[in-house]
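# Tertiary structure, described
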Amino acid sequence: MHSHVNSIWFLIGLQLLIYGALITGTGIWELFYPPARVVDLAWMHPAIWWGAILVGLGLFYVIHYRPSRTISN
Amino acid sequence: MSISAAAARPIVTASPIDIAIVVIYFIFVIGIGIYLKKYTKTGEDFFMAGREMTAWIAGLSFLSANLGALELLGWAGSAYEYGILAVHWYWIGAIPAMILLGLVMMPFYYASRTHSVPGYLQLRYGRAASGLSAISFAVMTILMSGVNIFAMAAVMQVVLGWNMNFSIWVSSASMGAYVVLAGLLSAIFNEVLQFVLIWLGSLLIPILGLFQAGGWSGLKQHIMTNLTHFGVANPDSYMHVWTTLGNFKDNPMGINWIGIVFGLGAVISMGYWTTDFLVVQRVMSARDLRSAKMAPLIGAAFKMFVPVIVILPGLLGLGLLDVHLVSQTAVSAAAAHGATLYSYNDVLPLMLAKYCGPALLGLGITALIAGFMSGMAGNVTAFATVWTHDIYKPMMNPNASDGHYLAMGRWSTVLGILVSIGTAYFVMQFASIMDYVQALFSFFIAPLFGTVILGMLWKRTTPAGGFWGLLAGTVGSIAMYFWVDLQPSALRYIALSPDAMPMAADMFRALWSFVIVVLVTVGVTLVTPPKPQSELKGLVMGCTDIPSEGSYPLIHRPAFWAVVIFAVFAALNWYFR
C-alpha cells in the first residue's frame, strides 16, 4: 500500500492531538478563571474530559500511523 | 432549507481560542493539498485519486461528501419541525440504496472502468443520453455548490456575526486551493478529516443534552410537555417513525407510508446514492472490487448513526430550548416589526451555544465549516470530472494528451469555484431560490436512476429507449413541479390525497417520474433495435463477467456486512416505530 494513503490517519491524529491539548488546556484554565458566558452543565467541565478524549484518540493515530512505521511497512 | 441572510444579533461570540481552532483547521486542509500535489501527476490521479483508496477511506469520503450544509443544519431543523419522522432520510432513505450500490451496482461501475456516471451512460446508451445527463449534472452541481457557499456564509453571519463576503471568499479560496493542487485525492483526504471533525465537534451536544433531559424517556416527556405548551395537536406523533404514516393527517409531515417507502426509499434515495456522481465518484476511487463494494457498506454503517448528531440535537432543541423556533417566513415577518425570532434551521447553532463554552465552541464551529467545505468540494470535484471527461473531451477536443486534460481539470475547478461564488451572490439576492435549486436538482435524480438501473439489469434496453426515457422522466418531473407551483391544489392529484403537504410532493413527483422513465424506456425499446451483446460486455447483467472479489473469510465479505447492516437497520426501525 502507498504510504501517502495511510498518511491521512496520521494527519487526523495530529489535528486531534492539537485540538485536544487546546481544549483540555482551556478547560483547566476555566477552573481558575470561569468564562463570562456560562453554558448549561458547565459544572461537568466537558472541555477537560472531551479534550482528554481527543488527546487519547490523537495519540493513538499519531503513534499507530507515524510515517516511519507506515513507510517501513 | 431557507437561511436568513441577515440577523439582528449573532447567537454567540467566538473567543480567541475558538478562532485559533478554526485557523488551525484551515492550515491543515491547505497543508494536505500541498502535501498531496506531488502524488497528482496524471489525469487518473486528479479525477479518480489514482484508484488506490482503501475501503475505509473511500467509504468515509462517500458519506462525508453528503454531509454538507443542507444536511447538518437543514435536517436538525427538520427534526425540530417534524419530529423523529426526519430520521427516514437516514434510514429507509439511505441504507437500502447504499446496500444496492455496494452489492449490485458497483461491480458494473467497476467492471466498465468508467470515470463517471455520465461516462457509464456513454458506454451503455451512447452520446445523446450521456450528454443530456452530463450537461444537466454539471449545471445543477455548480448551482448546488453556490448554494452551499451562500448557506455557510449566512450561517456564519447568523451564528457568529461574521461578514458574509469574508466567509464566502476565505472558504472558497481554501477549498479551491486544496482541490486545484491535488484534485479528488486531496478532496477525499480532506473529506475523511472533515468526517472525523464533524463527529467529534457535534457529538458532545447529544451526550450533554441526553444527560440533561434524563435519557431518552426523559427527552420524550420534555417534548410532550413543550409541544402541549405550544398548543400542538397530537404531540405523540412527533415521536414515532412508522405508526403515524397510515394517513396524511396523522403526522406533522403530511405524508403517508407510500410516499416514504416508494417515493423516498425506492426512488429518491436509490437515485441519489447510486447515480449521483458527487457521491459515486468517491467509491469509484477504490483500489479493487472488494474495496469498491465495501465502501458503500462502511458508509451505510455510519449513516445509520448520523441521526445521533443531526436528528437528536433537533429533538433535544424541541424538548429543552427555552425559545420556540418558527418558520423562516415567520422570522422575516417578525424582523419587519423589529422583533427577533429564530428559525428551525437555527436549532443546531442554538444547541451549540447552549452547551459549548470557549474552545468547544470553536470545535463545533469547525465541524460546521468542515461540513460545508466537504459538500462544496464534492460538488466542485464532480463538476471538474464531468466537464472534462463527459463534455469537453467528447464534444470539443477528443484527441488531446493526458496532460492537457489534467490542466483542463485544474482550470475547470477554478472556473467552477468562480461560477459557484457568482451563484452564491445571486442566491443572496433571492433567498427563496434555494428551494427552487433543490427542486431543480431533484428533477434529474429520480429519472436518472430509472435509466441507469434499466440499462444495468435489462440487456434489451436500447440507446433510443434510454435517451427518450430519461428526457421524458425529466420533463415530466419539471412539469409536475410547475403544475403544483402554479396551482397548489394539484398536489392532491400528484400525492393522491387532499391532505398531502408539500413534503409529500417531492416523494410522489419522484415516484411518478420514475414510472414515466420506465414506461417510456420500455415502450421505445420494444420498437427500436437493441445493441449487439458484444457491446454490452462489462455494462449489463447477463453479459458481464464480474471480476472476482478474491477469496476472503466470511467476516471480510461485503455480503456478510450487508446482512448485518440490514439487520441493524430493521431493528432500529422496529424500536422507534
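Here is what the cut-offs are and how they apply
- Residues numbered from 1 in each chain as written.
- Chains lettered and ligands numbered in written order.
- Predicted model: local features only at pLDDT ≥ 70, side-chain atom pairs only at ≥ 80, totals over all residues.
- Heavy atoms only, no water.
- Axes fitted to C-alpha atoms, helices over the stretch in contact; angles between N-to-C directions.
- Helix = DSSP H or I, 4+ residues; strand = E, 2+ residues; numbered from the N terminus.
- Left-handed = near helix turned anticlockwise from the far one by under 90°.
- Contact = heavy atoms within 4.5 Å.
- Salt bridge = Lys/Arg side-chain N within 4 Å of Asp/Glu carboxyl O.
- Polar contact = N/O pair within 3.5 Å; in protein donor to acceptor, adjacent residues only side chain to side chain.
- Nonpolar A, V, L, I, M, F, W, Y, C, P; charged D, E, K, R; others polar.
- pLDDT = per-residue confidence, 0-100.
- Patch = residues over 30% accessible without salt bridge, like charges linked within 9 Å, V, L, I, M, F, W, Y side chains within 5 Å.
- Areas by Shrake-Rupley, 256 points an atom, 1.4 Å probe, with all protein chains shown as cover.
- Core = buried A, V, L, I, M, F, W, Y, C linked by side-chain atoms within 4.5 Å.
- Buried < 20%, exposed > 50% of the residue type's maximum accessible area, 1.4 Å probe, protein only.

With that settled, consider the packing of helix α1 (residues 16–36) of chain B against helix α17 (residues 360–395) of chain B. Residue and element names in this part refer to chain B. Contact geometry of α1 with α17 gives a least axis separation of 7 Å together with a crossing angle of 35 degrees. Judged by the twist between their axes, the crossing of α1 over α17 is right-handed. Between α1, through Asp 18, Ile 21, Val 22, Tyr 25, Phe 26 and Val 29, and α17, the contact on the second element is made entirely by Leu 360, Leu 361, Gly 362, Leu 363, Ile 365, Thr 366, Ile 369, Ala 370 and Met 373.

Before going further, it helps to spend a moment on the interface of chain B and chain A. Of the residues lining the interface, 41 residues belong to chain B; the matching set on chain A comes to 31 residues. Viewed at the interface, chain A and chain B are joined by one salt bridge. B:Lys354 is paired through a salt bridge with A:Asp40; the nearest N and O atoms lie 2.8 Å apart. Taken together, chain B and chain A are joined by eight residue pairs in polar contact (both at pLDDT 80 or more). If you list the elements that add at least two residues to the side of chain B that touches chain A, you get α1, α3 (55–64), α8 (164–202), α9 (204–213), α16 (347–355) and α17 of chain B. Examining the composition of the side of chain B that touches chain A, we find that eight residues originate from one element, α1(B), more than from any other. For the side of chain B that touches chain A, the residue count by class is 34 nonpolar, four polar and three charged.

We now examine the confidence of the model for chain A. Here chain A averages 88 in pLDDT, while 90% of its residues score no lower than 70. Mean pLDDT in chain A bottoms out at helix α3 (residues 67–72) of chain A, which sits at 68, and peaks at helix α2 (residues 46–64) of chain A, which reaches 96.

It is worth spelling out a nonpolar patch on the surface at this point. Taken together, A:Ile28, A:Trp29, A:Leu31, A:Phe32 and A:Tyr33 make up a surface patch of nonpolar side chains, about 600 Å² in accessible area. Examined against the element boundaries, A:Leu31 turns out to sit in helix α1 (residues 3–32).

Right, let's talk about the environment of B:Val279 for a bit. All names here are of chain B. Mapping Val 279 onto the fold places it in helix α12 (residues 277–284). Placed 197 residues apart in sequence, Val 279 and Gly 476 show a C-alpha to C-alpha distance of 25 Å. The contact partners of Val 279, leaving out residues within four places of it in the chain, are Phe 62, Asn 66, Tyr 272 and Trp 273.

Residue and element names in this part refer to chain B. In this structure, Tyr 109 and Met 156 are the most contacted members of the largest nonpolar core, which totals 211 residues. The greatest single-element share of this core, amounting to 18 residues, is contributed by α8. What Met 156 contacts, discounting residues up to four positions off in sequence, is Gly 161, Trp 162, Ser 167, Ile 365, Leu 368, Ile 369 and Phe 372.

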